[in-house]
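# Structural overview
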Amino acid sequence: MLDKTFDPKIIEKKQADRWQALGVGQAKPASAAPPYTIMMPPPNVTGSLHIGHALNMTLQDVLSRFARMQGKDVLWQPGTDHAGIATQMVVERLLDSEGTSRHALGREKFLERVWDWKAQSGGRIKEQLDRMGMTPDWDRERFTMDEGLSKAVRKVFVQLYKEGLIYRDKRLVNWDPKLQTAISDLEVIPKEQKGHLWHIRYTIEGAQAETITVATTRPETLLGDTAVAVHPDDERYKHLIGLSVNVPIVNRLVPIIADDYADPEKGSGCVKITPAHDFNDFAVGKRHNLMMINLFDPQARMNENAPDGYQGLDRFEARKKILAELEEMDLIEKVEDTTHAVPYGDRSGVVIEPYLTDQWYCDAVTLAKPALAAVEQGRTQFVPKNWENTYFEWLRNIQPWCISRQLSWGHQIPAWYGPDGKVFVAETQDEAYKEADAFYGESISLTRDSDVLDTWFSSALWPFSTLGWPNETPELKKYYPGDVLVTGFDIIFFWVARMMMFGLHFMKDVPFRTVYIHALVRDASGQKMSKSKGNVMDPLTLTETYGADALRFTLAAMAAQGRDIKLSEDRIAGYRNFATKLWNAARYCQMNGCVPDERFDPASVNVTPNRWIVNEVYKTRADVAAALGAFKFNEAADALYHFAWGTFCDWYLEFTKSLSGDVETQKTTAWVLDQILHMLNPFMPYITEELFAALGQRAEGDMLCVKPWPTAAVQTNDAGAEMGWLIDLISEIRSVRMQMNVPAGAKIDVLVRGTDASTQARLKAHEEIILRMARLTKIETVDTVPQGAVQTVVGSAHYYLPMAGVIDLAKEKERLAKEVKKLESDLEKIERNLNNPQFVMNAPQDILEENKIRRTEAQGLVRKLGDALKQLSV
């Protein structure tokens, strides 16, 4: 017998051990079953599971479990990412606490420490995913720096280099002065800050006392100015185009150029151009072939290109000194307060510097073309579809991809330099030396490039490198391309697009057929979660408190396409109550002799409630399968919730209480409960497996997670209309009782008028159920109705509930009048909002929908209570 109380902690470890023993997540490349592939976005090896991971992994596990039930050979490929900067920082902090540093250890010793740390701490994320019931194929777990993936990275780099798609160039990058490396746009956080806009006068050469004014928030870059730009159509400055101005302090003459980048409506319309320290200026400099003067060293201190008095100064100290000199020279026209976005490194927390430096680049412009075409042609589809626009926007405006990083931890670039700077790119050091010996005609010493590759480079190979590429493996042949990628919108460009580019280039096919973009998980009030706000929800804490099933089901139930999730503990607690309801229903069935019978044929049932519930199972099964096929996780979860809690527990089990001991009903009940457990299993694997094992004599290894999804054809019968009528009637009577404040324990009469023969037959057939479930004393057909009776209509018949003697009519009329008045006031406020164009334009979509729903509900309630008030007054 099941325990009286449901405790998730007791069952979770037991069921997880059973899955592991059965090898539930294992892919079977040799099987004839059709493949179904999901590539897990590899979490950082430094990471712990956060609520976004929990959502992402839950949706992947639901799809994986459902596909296994459909008879597919599922490969849910797990792994972790080496997370270059993040991991290096973790280990550097550890070394700092020991009184040493990366530089003191040297590269080789430092890398040894990182690998040691990875061995000790890198398994944490797997333990956390196991705790939540995830079933990837852990035997195939990969790491982006394991030997197989490293081989793939080297091969891709060398091939792209030979094809001219990887090259070395001097360009601007996001430079982190603290970490002393280039970083990606994703690792830059723009922060709105209060600052100043300095308006500085530059003297025009050859024009007596004539100046032009430029405005800047970064006067320290003035020393690197190589032009001043004006718009070609700006009448104020047309006569100056082609002349030169003198850059203060350095006394450098630079040209006044015409360029569309200058905005006549902004400031003075003149823009100082510093190509080596601003991305827009760099583009202007390229167009006009301007000199590019790098003012800073890797630590953002003034270098040898600055005047003697500035060399070695930090950039912000240099700013103060420059402003003081400009003030003394009377060249500052005015200073304005301003608020502007300042770029910060997300890990170092320091201001990022646009920095001119030699780096390795990938020709993303060329690689993007097939990736664009693949989505345009529908070979890969985004769900929701609107995310295709984001993908298109980024790829149509793509820039060369800086793929080198000045770190120790990562894939070291396979390039070696000869004594004259000649570069040799090869997969191995031996190959590089052979090329060098052939080139120089003698044996020489080579120096390997010390940079490593951007983490996203190796991640871009994930869909095929994890399957054994460049080797021709059975896994690569069977599981590429993948079926679906589940990921967040924030890495569509950084990861999804790059996997598309590399997959198409090296595998000649897209890496996945569908990209499902899930929403962001926010707190209950819609705020983004952050440690600083104190609103972070830890999935492991939630799992410990409410159970993994409750958290999983909550996340799936709230995963509506295109809508962020407003997560509250109340919702999770509500779905824990759902698990408890399921447990209690199973105990009730067990106590009433409802034992599963494999020989049971649902098409053979005769009792009307049994015929009805069989129909509802078929409908729900079809709805769930269709919803999951369309990635509508919330609709699938909603269908299951309403069927299990409402249709089965609240209605069917109540309908059949009077049939206790009836063999057909016992077998039907057991069959329906098995179907519920089966359909719920991808969402709530722990409790469903526990109940399935406890409710019948199951064969060894007979578990829901390996049972086929039922495919029997839907068989319909005519019980739906009759039972739908019965539910409507009982619901309406209950609704009237509640609105009239009839005490829950009070039994009342119901009087009926206008019944036809069919309704009379139904009333007679289901009289016991109606009396019991609606708390009635009798059902009586009448021609006249007493005063103070409240009416409701179901079908063509009118039902009257006499209230005299049951409630205080005068008090109820007063209460109803107040309630109607309050509802009308609320309705008026809602109408004002919905009729306000400003509100409709600015309100989030979910708030608009909520207002519309509230309006409809309020309108219906006003009508219903108003009618009741009139009837009591008759």
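See above for the structure.
Below you will find a few notes about this structure. Bear in mind that the values here come from a model prediction, so they are computed numbers and not experimental data.

Turning to the overall build of the protein, a few remarks are in order. In terms of regular secondary structure, the protein is built from 29 helices and 29 strands. By its C-alpha atoms, the protein is 110 × 65 × 55 Å across when sized along the principal axes. Long-range contacts, defined here as pairs at least 24 residues apart, represent 77% of the contacts in the protein between residues at least 6 apart. Here the protein displays about 39,000 Å² of accessible surface, and carbon together with sulfur accounts for 49% of that area. Of the side-chain charges in the protein, 102 are positive and 119 negative, and the distance between the mean point of each set is 5 Å.

Two elements in contact, helix H10 (residues 364–376) and helix H11 (residues 387–396), have axes separated by 10 Å at closest approach and are oriented at 160°. On the basis of the axis angle, H10 is roughly antiparallel to H11. In the packing of H10 onto H11, the handedness of the crossing is left-handed. Contacts between H10 and H11 pair Ala368, Ala371, Leu372, Val375 and Glu376 from the former with Glu388, Tyr391, Phe392, Leu395 and Arg396 from the latter. Tallied by class, residues from the contact of H10 with H11 come to seven nonpolar, no polar and three charged.

Another aspect to go through is helix H6 (residues 124–131). Every buried residue of H6 is listed here: Ile125, Gln128 and Leu129. On an axial view of H6, the arc spanned by its buried residues comes to 100°, and they lie on one face. Taken together, the buried residues of H6 touch helix H2 (51–69), strand E3 (79–80) and helix H17 (539–546). Where H6 ends, the next residue or the one after it, Gly133, has phi of about 85°, a positive value.

Take the sheet that holds strand E26 (residues 748–753) next. Strand order in the open sheet made by the four strands is E27-E26-E29-E28, with mixed pairing throughout. Each end of this open sheet is capped by a strand with a single partner; those strands are strand E27 (776–781) and strand E28 (789–794). Between one strand axis and the next, the sheet turns through 25° on average, direction left out of account.

Parameters and conventions
- Residues numbered from 1 in each chain as written.
- Predicted model: local features only at pLDDT ≥ 70, side-chain atom pairs only at ≥ 80, totals over all residues.
- Heavy atoms only, no water.
- Helix = DSSP H or I, 4+ residues; strand = E, 2+ residues; numbered from the N terminus.
- Contact = heavy atoms within 4.5 Å.
- Areas by Shrake-Rupley, 256 points an atom, 1.4 Å probe, with all protein chains shown as cover.
- Lys, Arg positive; Asp, Glu negative; His and termini not counted.
- Charge placed at Lys NZ, Arg CZ, Asp CG, Glu CD.
- Axes fitted to C-alpha atoms, helices over the stretch in contact; angles between N-to-C directions.
- Parallel < 35°, antiparallel > 145°, perpendicular 65-115°, else oblique.
- Left-handed = near helix turned anticlockwise from the far one by under 90°.
- Nonpolar A, V, L, I, M, F, W, Y, C, P; charged D, E, K, R; others polar.
- Buried < 20%, exposed > 50% of the residue type's maximum accessible area, 1.4 Å probe, protein only.
- Arc of directions from axis to C-beta.
- Pairing = 2+ DSSP bridges.

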